[in-house]
Amino acid sequence: MIWVRIHGSPLRQFYADPRARPSMDQEFPQHDILISAGNLASTTTDEGPNFTVTLKNTSGESSRLFSLPPPGAFLEVLDDATVIGAGTVRSVELGDPCAIVVQG
Amino acid sequence: MSLLSEPLPLRKTTVWGAFAAAGFIAHRYGVATGALVQYDATRTLWCWGDHASFSVDEVKVEGVAVSDWTWRNDVDPSGHPVTLVQFGQPQDPATAIVATGRGKMHPATGIVMENPADIAWDILANIAGRPVTEAQFSEFRTDCDRLDIISGGSIEDDASALTRVRQVCSSVGGIFCGEGAQLGRIWPEGAAVLPSVTVDYRHDMTPKADLSDIVNDLTIEFAFIGGQAQQSIRYECADSIAAYGRRTASISAPWVNDGRVAADVASRLLRLRARPQWVCAASGIRKRLSVGQAVTLNHPRLAITGDFVIQSAQNDFDTGLAAVTIVVPAGDAPAVTLAQQSLAFAPPEGQFVGVQTVGDERVLRLWSNAETQTPIVNAAVSLDGSAPRLTNGAGEVRFPIAMVTPGQHTLDVVTQNGNTSSTTILVGQ
């Protein structure tokens, strides 16, 4: 099951399918607002490899979590306990949905 | 009246009837340094500004101060006031002849114009011929006075009024608000602005925070002569560097001559930019809004509330709706520190100063010639009026660290051959 964590203070964890929860750190809050972990895109001409994680924000769920925005934080995409994607948060846009652009 | 985006209608030397070279006649404000322009065929009379000036205080030929000159305010053949420098001997037009003085005076009060608000007003109203009143800069003027911000510089080319006024404002950490009732503001950390409207759930808003907006190592280049910065000052924010890595930026401040003002601008900007910022684009606001006004933010899309100055605005004439952008810093303003003293890399007489901390002493090293770095030996160096100490063979002189605390100091130097200079230095931690 896919889930996402953003390192920092506090550590933030997001999932879409509750079956991912056993793999998550039980000491930190787990937020059921992950829509998509995105897809890793890279070309020979554009900027470096990047992907966009999207979170629910229809009712301000993400906005409440990100009063202090996480640019510069380390983000990982995990499949159960295996890291399948990682990078630095380049930008966060608190629209509906919330879009987090991550650069490898 | 010219458009804001059109070249400033500066006069050229061709208006004198006889001229050595066709070129713009400069306008000088505050303490300014700029090249003299040959005014007559005898090569003894030279022009410093296209207006009456408060004073001309120093003239240098090829970087060396000379004394065989007087200055006066006069009128040119067209009846226009000019500032002239009269030499005792003809000067070679091929040499660099530069004067420093205090420039244009306020047309009503006669006081030298060095408040950025007065300079911006004069550019718009008296050079560009725009219908702009001093009252439209009153809040900017008051804020500059409150922060003791003074400005100085020259207009030597015909860049547009908009370019020039924005440059004056941004040099001192301010913004030009072309559509507002008030045309200038100090931002960030300017005086509070009464909000015009509340941005809330009724409006569309998308906050965005980008890593590239964070700057935690900021250099201000200032004290420009002939388009080149003569000094710089660098501030940094250690907490932000630890969190986001060192992210540098450099800003040109061609209308700042004073290290104290440069330090104020750098620290104000860094307290904003060293932390993450939400750039919030809000739309659907039923009110005409303009840059420099403020809005109260209380929107479910962002868990930060408060009053914020509008950075950009669009007003749709058809719908009557406005869209604005505001910048909302996240977290508390961080502590910023002076990281590097402002080194005059081409101060008077080609003298250079470096400062190092060794144990409980500050070692000041003086040298001439940027390339060879020739030590200035046996020079008497006085710090803030202290008893003079002599530089050694390496051009070094030592002072207790207690005498050279972080901040601004005055260095008076008398060299072996009797040349004197007084330089302001800024010392870091």
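Residues numbered from 1 in each chain as written. Chains lettered and ligands numbered in written order. Predicted model: local features only at pLDDT ≥ 70, side-chain atom pairs only at ≥ 80, totals over all residues. Heavy atoms only, no water.

### Thoughts on the overall build of chain A
Link 1 in the chain: Along the backbone of chain A there are one helix and eight strands.
Link 2 in the chain: Going residue by residue from the N terminus, the α and β elements of chain A occur as β-β-β-β-β-α-β-β-β.
Link 3 in the chain: Scaling as 2.2 N^0.38, a compact globule of 104 residues should have a C-alpha radius of gyration of about 13 Å, and chain A matches this with 13 Å.
Link 4 in the chain: With the C-alpha coordinates aligned to their principal axes, the bounding extent of chain A is approximately 40 × 30 × 25 Å. (Helix = DSSP H or I, 4+ residues; strand = E, 2+ residues; numbered from the N terminus. Rg over C-alpha atoms; globule rule 2.2 N^0.38 Å.)

### Thoughts on the overall build of chain B
Link 1 in the chain: Within chain B, the regular secondary structure consists of five helices and 30 strands.
Link 2 in the chain: The C-alpha atoms of chain B give a radius of gyration of 24 Å, which matches the 22 Å a tight globule of 429 residues would have.
Link 3 in the chain: Counting over 429 residues, chain B shows a buried share of 49%.
Link 4 in the chain: Taking all contacts inside chain B whose residues are at least 6 apart in sequence as the whole, residues at least 24 apart take part in 65%. (Buried < 20%, exposed > 50% of the residue type's maximum accessible area, 1.4 Å probe, protein only. Contact = heavy atoms within 4.5 Å.)

### Quick notes on the pairing of strand E19 (residues 294–297) of chain B
All names here are of chain B.
Link 1 in the chain: By the bridge criterion, four bridges tie strand E13 (residues 195–199) to E19 in an arrangement that is parallel. Considered in E19, the bridge of Pro-195 is made with Ala-294.
Link 2 in the chain: Where E19 and strand E20 (residues 306–315) come together, four bridges link them in antiparallel fashion. Bridge assignment links Leu-297 to a residue of E20, and that residue is Gly-306. (Pairing = 2+ DSSP bridges.)

### Some thoughts on unusual backbone geometry
Link 1 in the chain: Cis geometry is adopted by the peptide bond preceding Pro-97 of chain A, which originates at Asp-96 of chain A and carries an omega value of 10°.
Link 2 in the chain: When you line up the elements, Pro-97 of chain A lands in the loop between strand E7 (82–94) and strand E8 (98–103).
Link 3 in the chain: Non-glycine residue Glu-189 of chain B carries a positive phi angle of around 65°.
Link 4 in the chain: Within the element layout of this structure, Glu-189 of chain B appears in the loop between strand E12 (184–186) and E13.
Link 5 in the chain: For Glu-189 of chain B, a relative accessible area of 37% gives the class partly exposed.

### Examining the packing of aromatic side chains
Link 1 in the chain: Under the counting rule described, the total for this entry stands at three aromatic pairs over all chains.
Link 2 in the chain: Ring geometry for Phe-14 of chain A against Phe-66 of chain A: centres 6.2 Å apart, planes inclined by 50°, an arrangement best described as tilted. With Phe-14 of chain A in strand E2 (residues 12–15) and Phe-66 of chain A in the loop between helix H1 (61–65) and strand E6 (74–79), this residue pair connects regions lying 52 residues apart in the sequence.
Link 3 in the chain: Under the relative-accessibility criterion, Phe-66 of chain A is labelled buried at 0%.
Link 4 in the chain: With a centroid separation of 5.9 Å and an interplanar angle of 55°, the aromatic rings of Tyr-29 of chain B and Trp-255 of chain B are classed as tilted. Taken as a pair, Tyr-29 of chain B in strand E1 (residues 27–29) and Trp-255 of chain B in the loop between strand E17 (248–252) and helix H5 (259–273) lie far apart in primary sequence, 226 residues in all.
Link 5 in the chain: Positioned over the ring face of Phe-24 of chain B is Lys-12 of chain B, at 5.1 Å from the centre of the ring. (Phe/Tyr/Trp six-rings, centres within 6.5 Å; stacked < 30°, edge-to-face > 60°. Lys NZ or Arg CZ within 6 Å of the ring centre and 35° of its normal.)

### Some thoughts on the environment of Gly-227 of chain B
Link 1 in the chain: With respect to the secondary-structure elements, Gly-227 of chain B resides in the loop between strand E15 (217–225) and strand E16 (228–236).
Link 2 in the chain: A sequence separation of 150 residues divides Gly-227 of chain B from Val-377 of chain B, and the C-alpha atoms of the two residues are 31 Å apart.

### A look at the packing of helix H1 (residues 116–127) of chain B against helix H3 (residues 161–171) of chain B
Residues and elements named next belong to chain B.
Link 1 in the chain: Closest axis-to-axis distance for the H1/H3 pair is 9 Å, and the angle between their directions is 175°. One element, H1, and the other, H3, form an angle in the roughly antiparallel class. Packed against H1, whose contacting residues are Pro-116, Ile-119, Ala-120, Ile-123 and Leu-124, the element H3 presents Ala-161, Arg-164, Val-165 and Val-168 at the interface.
Link 2 in the chain: Tallied by class, the residues present in the contact of H1 with H3 amount to eight nonpolar, no polar and one charged. (Axes fitted to C-alpha atoms, helices over the stretch in contact; angles between N-to-C directions. Parallel < 35°, antiparallel > 145°, perpendicular 65-115°, else oblique. Nonpolar A, V, L, I, M, F, W, Y, C, P; charged D, E, K, R; others polar.)

### Observations regarding the interface of chain A and chain B
Link 1 in the chain: The partner chain B presents 17 residues to the 19 residues of chain A that form the contact.
Link 2 in the chain: Where chain A abuts chain B, roughly 1,400 Å² becomes buried across the two surfaces, and 61% of that area is made up of carbon and sulfur atoms.
Link 3 in the chain: When the buried surface of chain A facing chain B is broken down by residue, Pro-69, Pro-71 and Leu-94 of chain A rank first, second and third, together holding 32% of it.
Link 4 in the chain: At the boundary of chain A with chain B, the tally comes to zero salt bridges.
Link 5 in the chain: Counting the contacts that link chain A with chain B gives five residue pairs in polar contact (both at pLDDT 80 or more).
Link 6 in the chain: Among the elements of the structure, H1 and E7 of chain A are those that each provide at least two residues to the side of chain A that touches chain B.
Link 7 in the chain: Among the elements that take part in the side of chain A that touches chain B, E7 of chain A stands out by supplying seven residues, more than any other.
Link 8 in the chain: Grouping the amino acids of the side of chain A that touches chain B by side-chain chemistry returns seven nonpolar, eight polar and four charged. (Buried area = accessible area lost by both parts, 1.4 Å probe. Salt bridge = Lys/Arg side-chain N within 4 Å of Asp/Glu carboxyl O. Polar contact = N/O pair within 3.5 Å; in protein donor to acceptor, adjacent residues only side chain to side chain.)

### What about the sheet that holds strand E8 (residues 81–87) of chain B?
Residues and elements named next belong to chain B.
Link 1 in the chain: The strand order across the open sheet built from four strands is E3-E4-E8-E7, with neighbouring strands paired in antiparallel fashion. The open sheet has two free edges, formed respectively by strand E3 (37–38) and strand E7 (69–75), since each of these has just one partner strand.
Link 2 in the chain: Summarising the sheet, E7 and E8 pair through seven bridges and their orientation is antiparallel. Bridge pairing in E8 links Asp-74 to Val-82.

### Description of the sheet that holds E16 of chain B
Residue and element names in this part refer to chain B.
Link 1 in the chain: Strands sit in the order E17-E15-E16-E22 across an open sheet of four strands; the sheet is mixed. Edge positions in the sheet fall to E17 and strand E22 (337–340), since each has one partner strand and no second. Averaged over all pairs of adjacent strands, the angle between strand axes in this sheet comes to 30°, irrespective of strand direction.
Link 2 in the chain: The sheet strands contacting H5 are E15, E16 and E17, and the helix crosses E15 at an angle near 150°.

### Observations regarding the side chain of Thr-219 of chain B
Link 1 in the chain: Residue position: Thr-219 of chain B is located in strand E15.
Link 2 in the chain: With relative accessibility at 18%, the residue Thr-219 of chain B sits in the buried group.

### Remarks on the packing of H1 of chain B against helix H2 (residues 138–146) of chain B
Residues and elements named next belong to chain B.
Link 1 in the chain: Between H1 and H2, the shortest axis-to-axis distance is 8 Å and the interhelical angle comes to 150°. Seen from H1, the contacting residues are Pro-116, Ala-117 and Asp-118; seen from H2, they are Phe-140, Arg-141 and Cys-144.
Link 2 in the chain: Of the residues in the contact of H1 with H2, the class split is four nonpolar, no polar and two charged.

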